[in-house]
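Spelled out, the chains give:
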Amino acid sequence: MGRAFVYVIIGGGVAAGYAALEFTKKGVSPGELCIISDETVAPYERPALSKGFLLPEAPARLPGFHTCVGANEEKLTPNWYKDHGIELILGTRVESADVRRKTLLTTVGETIAYKFLIIATGARARTLEEIGITGSDAENVCYLRDLADATKLVNMMGKCTGGKAMVIGGGYIGMECAAALVINKIHVSMVFPGTYCMGRLFTPKIASYYEDFYKSKGVNFIKGTALSSFMFNSTRKVTGAFLKDGRYLPVDMVVVGIGACPNTSLFKDQLKFENGGIQVNSRFQSSNTSVYAVGDVASFPVKLFGDTRRLEHVDLARKSAKHAVSAIMEPRNTSDFDYLPFFYSRVFSLSWQFYGDNVGEVIHFGDFSGTKFGGYWVNEGRLVGCFLEGGGNEEYEAIAKAIRLKPVVKDLSKLQRDGVDFVNEVSHKPLVQGGGFRLLLKKPVYIWYATSGIVVAASVAAFACWYANKW
Ligand SMILES: Cc1cc2nc3c(=O)[nH]c(=O)nc-3n(C[C@H](O)[C@H](O)[C@H](O)COP(=O)(O)OP(=O)(O)OC[C@H]3O[C@@H](n4cnc5c(N)ncnc54)[C@H](O)[C@@H]3O)c2cc1C
């Protein structure tokens, strides 16, 4: 049994949805495109799962957050795919891939042939078993990667009102789930081995602001240790947790957020890998010219910083998907991908955005006892990254513009004094060489580069502000 398509996408997540929309914009014909997903629903905006989906009042539910509502585009419901002649094969896993023969084999035994393949398999939640602890199968141990996980978490929160939850992990998922648990009137203890939360992005000073805020909401931080094992009752429900430092915590439910692993195993020994992901060029084309990889699985060149990265963030999933489709459908009109890394989060009444790179010296600014503060990262004399809590749309736009320009910073104390005014000034400064803010490239290239950077950055920031408020 088999079928053949011109374009096949494996995975039905964020990148798949945005790729589908772009295919239709570029004129794909009915019957040419197929999406195979092991999830049972059409692609949706995954970040909603740790935000609107977990709210006790008026929670976000499908079809409300199908892609591509997160980018103010059409909402692609199952009917949209039907209307556009796109084959959506749901609840079906691709079991093996043969990139030489250009075929995929699904769990129902169907062989699917393609001319062009886009790998958009995303990542999976890292399990406790992978760090030597058993208990993932317990009914009150939750993960958060897909709709099924989020539904289990919502059901469990409903049963634990007034009870105790343990959140394992101090990263994105841990922080966003801890906030949701509190909002659902559950007492939270967060356990993680680091000395402060969000250790891969935050500085200790930034982290302490969020930790203090969480503490004011009743969250108990247990840092510098880790889960050792669970105590189960006779129905294999977790009733308590032993920590490595000898402490014991009674619990009613557990949320595990200990990282994610890219779903790349189908292509092991068939494609080149890098940074734990599938190596692609600036058109998202892998080491096999018919195969593209986008979103969480792609290790791609970041022109702005001259290296290659694999980023697990929604903005990249959307933009890489669009870019890959453009490279496939209109190769001559598609330039190299030029990405400004952008991350955000929203918890309680707080909301932050980060643009660029968090390397080098950090200069904090703003009012850490108030609601608006941030940090600049200066590397080799240039401004390369900026974090801002509590900013407005125009400020985030200015940050994105300024970071793209990587201005030379001669006086670090000016950054601290000026705060956001610094990026406002840089982003409004005429782009003349030799002025206060020197640019990286020489005329005339720098003018083109800076101008196109501003256009891209402005749209990044405008969308980011809208999106951060939306989901
Ligand atoms: C709860 C949560 C909250 C998040 N919040 C934010 C946020 O606030 N900001 C931010 O920037 N990023 C956030 N992210 C990250 C962001 O959602 C991801 O970077 C993004 O979803 C990646 O898109 P993707 O298409 O590459 O992968 P995914 O969206 O994960 O989609 C991958 C799809 O492939 C399917 N699949 C995998 N293997 C197979 C197979 N063999 N056969 C068939 N189907 C397969 C999966 O089931 C899934 O449907 C969040 C992630 C999660 C889980």
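Residues numbered from 1 in each chain as written. Predicted model: local features only at pLDDT ≥ 70, side-chain atom pairs only at ≥ 80, totals over all residues.

1. Points about the overall build of the protein chain
Phase 1: Per the secondary structure count, the protein chain includes ten helices and 26 strands.
Phase 2: Its C-alpha radius of gyration of 23 Å places the protein chain within 12% of the 23 Å reference for a compact globule of 471 residues.
Phase 3: For the protein chain, with 471 residues in total, the buried portion stands at 45%.
Phase 4: By sequence separation, contacts in the protein chain at least 24 residues apart represent 63% of the contacts at least 6 residues apart. (Helix = DSSP H or I, 4+ residues; strand = E, 2+ residues; numbered from the N terminus. Rg over C-alpha atoms; globule rule 2.2 N^0.38 Å. Buried ≥ 20, exposed ≤ 12 C-beta atoms within 10 Å, placed from the backbone. Contact = placed C-beta atoms within 7 Å.)

2. Points about the nonpolar core
In globular proteins that are soluble, nonpolar side chains generally tend to be buried together.
Phase 1: Judged by nonpolar contacts, the single largest core of 140 residues is most densely connected at Val8, Ala19, Ile119, Val254, Tyr292 and Val294.
Phase 2: Ignoring anything within four residues of it in the chain, the contact list for Val294 reads Ala15, Ala19, Ile118, Ala120, Phe284, Ala317, Ser320, Ala321 and Ala324. (Core = buried A, V, L, I, M, F, W, Y, C linked by C-beta atoms within 7 Å.)

3. A closer look at the sheet that holds strand β17 (residues 273-274)
Phase 1: Reading across from one edge, β17-β18-β20-β21 is the order of the four strands in this open sheet, with mixed pairing throughout. Strand pairing shows two members of the sheet lacking a second neighbour, β17 and β21 (307-309), which therefore form its edges.
Phase 2: Across two bridges, the pairing between β17 and strand β18 (residues 277-279) is antiparallel. Paired with Phe273 across the two strands is Ile278, which belongs to β18. (Pairing = 2+ DSSP bridges.)

4. Here's the deal with the environment of Tyr143
Phase 1: Counting through the fold element by element, Tyr143 comes out in the loop between β8 (141-142) and α3 (147-159).
Phase 2: Residue Tyr143 is classed as buried on the basis of its C-beta count, with 24 C-beta atoms lying within 10 Å.
Phase 3: Once the C-alpha coordinates of Tyr143 and Met157 are considered, the two residues, 14 residues apart in sequence, prove to be 13 Å apart.
Phase 4: Once residues within four sequence positions are removed from consideration, Tyr143 is found in contact with Ala125, Asp149 and Val256.

5. Considering the packing of helix α1 (residues 14-25) against helix α6 (residues 314-329)
Phase 1: At a closest axis distance of 8 Å, the pairing of α1 and α6 adopts a crossing angle of 35 degrees. Classified by chirality, the crossing of α6 by α1 is right-handed. Mapping the contact onto sequence places Val14, Ala15, Tyr18, Ala19, Glu22 and Phe23 in α1 and Val314, Ala317, Arg318, Ser320, Ala321, Lys322, Ala324, Val325 and Ser326 in α6.
Phase 2: Tallied by class, the residues present in the contact of α1 with α6 amount to ten nonpolar, two polar and three charged. (Axes fitted to C-alpha atoms, helices over the stretch in contact; angles between N-to-C directions. Left-handed = near helix turned anticlockwise from the far one by under 90°. Nonpolar A, V, L, I, M, F, W, Y, C, P; charged D, E, K, R; others polar.)

6. Describing the sheet that holds strand β22 (residues 342-347)
The strands making up a sheet associate through hydrogen bonds between their backbones, and the pairing can be parallel or antiparallel.
Phase 1: A sheet is described by the order of its strands in space; here five strands give the open sequence β22-β23-β26-β25-β24, paired in antiparallel fashion. The sheet is open, and its two borders are formed by β22 and β24 (361-366), each paired with just one other strand. Across the sheet, the axes of successive neighbouring strands diverge by a mean angle of 15 degrees, strand direction being ignored.
Phase 2: In the sheet, β22 pairs with strand β23 (residues 350-356) via six bridges, with the strands oriented antiparallel. Each residue of the ladder has a partner; that of Val347, found in β23, is Leu350.

7. Some words on the site of the ligand
Phase 1: Near the ligand lie 37 residues; those nearest to it are Gly11, Gly13, Ala15, Gly122 and Gly295.
Phase 2: Those elements that provide at least two residues to the shell around the ligand are α1, α6 and β22.
Phase 3: For the shell around the ligand, the residue count by class is 17 nonpolar, eleven polar and nine charged.
Phase 4: Structurally, the shell around the ligand is a two-domain feature, drawing no fewer than three residues from each of domain 1 (2-122 + 263-333) and domain 2 (128-260). (Near = placed C-beta within 6 Å. Domains from an automatic or database assignment.)

8. Overview of the pairing of strand β2 (residues 33-36)
Phase 1: Alternating residues of β2 divide into Leu33 and Ile35 and Cys34 and Ile36, and every residue in both groups is buried.
Phase 2: The pairing of strand β1 (residues 2-10) with β2 spans four bridges and is parallel. Residue pairing for β2: Ile10 is matched across the bridge by Ile36.
Phase 3: What joins β1 to β2 is α1, and the crossover it makes is right-handed.
Phase 4: Pairing of β2 with strand β3 (residues 87-89) involves three bridges; the strand directions are parallel. Pairing of Cys34 across the sheet is with Glu87, part of β3.
Phase 5: Regarding topology, helix α2 (residues 78-83) serves as the crossover connection from β2 to the parallel β3, and that connection is right-handed. (Right-handed = clockwise from strand over helix to strand, strands pointing away.)

9. A few points about helix α4 (residues 172-183)
Phase 1: Taking 1.5 Å per residue, twelve residues should reach 16 Å; α4 reaches 17 Å between its end C-alpha atoms and fits that length.
Phase 2: Counting buried residues along α4, ten of its twelve residues qualify, which places the element largely inside the surrounding structure.
Phase 3: The elements touched by buried residues of α4 are α3, β9 (164-168), β10 (187-192), α5 (204-216), β15 (253-256) and β22.
Phase 4: Directly after α4, the chain includes Lys185, whose backbone phi takes a positive value near 60 degrees. (Expected span 1.5 Å × (residues − 1).)

10. A word on the domain arrangement of the protein chain
Phase 1: On domain assignment, one finds that the protein chain holds domain 1 (2-122 + 263-333), domain 2 (128-260) and domain 3 (349-428).
Phase 2: Each of domain 1 and domain 2 has a C-alpha centre, and these two points are 30 Å apart.
Phase 3: Across the contact, ten residues belong to domain 1 and 13 residues belong to domain 2.

11. Notes on the pairing of β23
Phase 1: A large share of β23 lies buried, amounting to five of its seven residues.
Phase 2: The turn joining β22 and β23, which pair antiparallel and follow one another in sequence, is formed by two residues; a positive phi near 50 degrees is taken by Phe348.
Phase 3: Two strands pair when backbone bridges link them, and β23 and strand β26 (residues 382-389) are joined in this way by five bridges, in the antiparallel orientation. By the bridge assignment, Gln353 is partnered in β26 with Leu388.

12. Section: the packing of helix α7 (residues 393-405) against helix α9 (residues 420-428)
Phase 1: In the contact formed by α7 and α9, the axes pass within 8 Å of each other and the chain directions differ by 65 degrees. In this structure, the crossing between α7 and α9 has a hand that is left-handed. Contacts from Glu395, Ala398, Ile399, Lys401, Ala402 and Leu405 in α7 reach Val420, Val423, Asn424, Val426 and Ser427 in α9.
Phase 2: Residues belonging to the contact of α7 with α9 are distributed by class as follows: seven nonpolar, two polar and two charged.

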